[in-house]
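# Coordinates in review
Listed here are the chains, written in short residue letters.
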Amino acid sequence: MSAPVITLDGPSASGKGTVAAMVALRLGFHYLDSGSLYRLAALYAVRHQIPLDNEAKLAMAAVRLPIAFRDGRVWLEDIDVTDEIRSEDIGLCASRIGALPALRSALLQRQRDFRHPPGLVTDGRDMGSVVFPDATLKVFLTASADERGRRRYKQLIGKGASANLQQIQQDIADRDERDAARPVAPLRQEPDARLLDTTRLTIDAAVDQVIEWYRAIA
Ligand code: C5P
């Protein structure tokens, strides 16, 4: 039998990454932040000047993207790009290439390869719908658009970056719209996914809820 998988899908800055990483830690499971793969592919395209609409070339590059995950850091072509892939610019590029079906197919197997015992917790947009349709537990995690904008703003300010709340809220809205409107693997709650609205929840409460759901069915 395949190792269990918990998927957390949802819009940008909903807190799904933080919650997924903590759930993985508490259960002793592996963790995959699938967005980082799209961000790495985007950064690779920018570095190698591959136009973001050149689907065939991007897909070819994605199949053998030279990446590594070590000690909580992310590497692209042997360079530590953990912080670089988090920029809003790379997020927007990732969202653009994420709309390309061939690029998505190229990343499919790479994501499935993360499924190992004792289990996997993963977050993204289509983890429950496309990548792991047989997931043990599927969660759709969201928060109000205002709250998500505030969270991203605080995150950037906390890192010492300059940030404009209104601009961030606009960028998040644009990205959500593109992610939800694309014909392939659009962002949406699957009928078999449980809804977790974190607008008024602490991170710990959200983590507890996911673990409680998982323990009730596992
Ligand atoms: O989650 P994160 O903000 O890092 O994702 C960056 C972009 O990558 C998203 O806006 C989305 O377009 C794309 N993505 C995706 N499918 C995933 C994960 C991310 O299309 N499973």
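Residues numbered from 1 in each chain as written. Predicted model: local features only at pLDDT ≥ 70, side-chain atom pairs only at ≥ 80, totals over all residues.

## Quick look at the UniProt feature "domain: Cytidylate kinase" (unreviewed entry) in the protein chain
Worth spelling out the cut-off: UniProt positions are given in the numbering used here, feature names are shortened, and annotations may be inferred rather than shown by experiment. For the purposes of this entry, the term helix denotes a DSSP run of H or I that reaches at least four residues, the term strand denotes a run of E that reaches at least two, and both are numbered from the N terminus.
With numbering aligned to this structure, UniProt lists the feature "domain: Cytidylate kinase" (unreviewed entry) at residues 6-214. Secondary structure content for residues 6-214 is 50% helix and 16% strand, while the C-alpha to C-alpha distance between its ends is 8 Å.

## A look at the pairing of strand β6 (residues 120-124)
To keep it simple, the criterion reads: Any residue surrounded by 20 or more other C-beta atoms within 10 Å of its C-beta is treated as buried, while 12 or fewer makes it exposed and the intermediate range makes it partly exposed; C-beta atoms here are placed from the backbone. Note: two strands are recorded as paired if DSSP finds a minimum of 2 bridges between them.
The buried count for β6 comes to five of five residues, which makes it a mostly enclosed element. Every second residue of β6 is oriented toward a common face, with Leu120, Thr122 and Gly124 on one face and Val121 and Asp123 on the other, all of them buried. As judged from the four bridges shared by strand β2 (residues 30-33) and β6, these two strands associate in the parallel manner. Residue pairing in the sheet places histidine 30 in a bridge with leucine 120 of β6.

## Looking at the sheet that holds strand β3 (residues 67-70)
Stated precisely, the cut-off is as follows: Note that contacts rest on C-beta atoms placed from the backbone: two residues are in contact if these are within 7 Å. Helix axes are fitted to C-alpha atoms over the stretch in contact, other axes to C-alpha atoms as well, and angles between N-to-C directions run from 0 to 180 degrees.
Pairing in this open sheet of three strands is antiparallel, and the strands run β3-β4-β5 from one edge to the other. For this open sheet the edge positions go to β3 and β5 (79-80), each flanked by a neighbour on one side alone. Pairing of β3 with strand β4 (residues 73-76) involves four bridges; the strand directions are antiparallel. The partner of phenylalanine 69 across the bridge, within β4, is valine 74. Strands in contact with helix α2 (residues 34-47) are β3 and β4; relative to β4, the strand with the most contacts, it is inclined by about 35 degrees.

## Some remarks on the confidence of the model for the protein chain
For the record, the criterion: Per-residue confidence from the predictor is reported as pLDDT, which spans 0 to 100.
Counting all residues, the mean pLDDT for the protein chain is 94, and 100% of those residues have values of 70 or more. Scored as a whole, the predicted complex attains pTM 0.93, and scored at its interfaces, ipTM 0.97.

## Some points on the site of the ligand
Note the following rule: Defining nearness, a residue is near a molecule or strand when the C-beta atom obtained from its backbone falls within 6 Å of it. For this scheme, ten residues count as nonpolar: Ala, Val, Leu, Ile, Met, Phe, Trp, Tyr, Cys and Pro. Four count as charged, namely Asp, Glu, Lys and Arg, and the remainder, Gly too, count as polar.
Taken together, 15 residues sit near the ligand, with Gly35, Tyr38, Ser95, Gly98 and Gly124 positioned nearest. Counting residues per element, the ones that place at least two in the shell around the ligand are α2, α4 (88-97) and α8 (165-181). At four residues, the largest contribution of residues to the shell around the ligand is made by α2. Residue classes in the shell around the ligand are distributed as three nonpolar, seven polar and five charged.

## So, the sheet that holds strand β7 (residues 137-142)
Strand pairing in a sheet relies on backbone hydrogen bonds. The paired strands run either parallel or antiparallel. Strand order in this open sheet of five strands is β2-β6-β1-β7-β8, and the pairing throughout is parallel. This sheet does not close on itself; its edge strands, each paired only once, are β2 and β8 (194-197). Direction aside, the axes of adjacent strands within the sheet are offset by 20 degrees on average.

## Re the pairing of β4
A regular strand places its side chains on the two faces of the sheet in alternate fashion. Residues Val74 and Leu76 point to one face of β4 and are all buried, whereas Arg73 and Trp75, pointing to the other face, are not buried. Here β4 runs beside β5; their pairing, made up of two bridges, is antiparallel. What sits directly across from leucine 76, in β5, is isoleucine 79. A loop of two residues connects β4 with β5, the two strands running antiparallel in sequence, and glutamate 77 in this loop sits at a positive phi of about 50 degrees.

## A look at the environment of alanine 206
Position of alanine 206 among the secondary structure elements: in helix α9 (residues 203-217). Along the primary structure alanine 206 and arginine 104 are separated by 102 residues, whereas in three dimensions their C-alpha atoms are 29 Å apart. Aside from chain neighbours lying at most four places away, what touches alanine 206 is Gly15, Val19, Leu196, Thr198 and Leu201.

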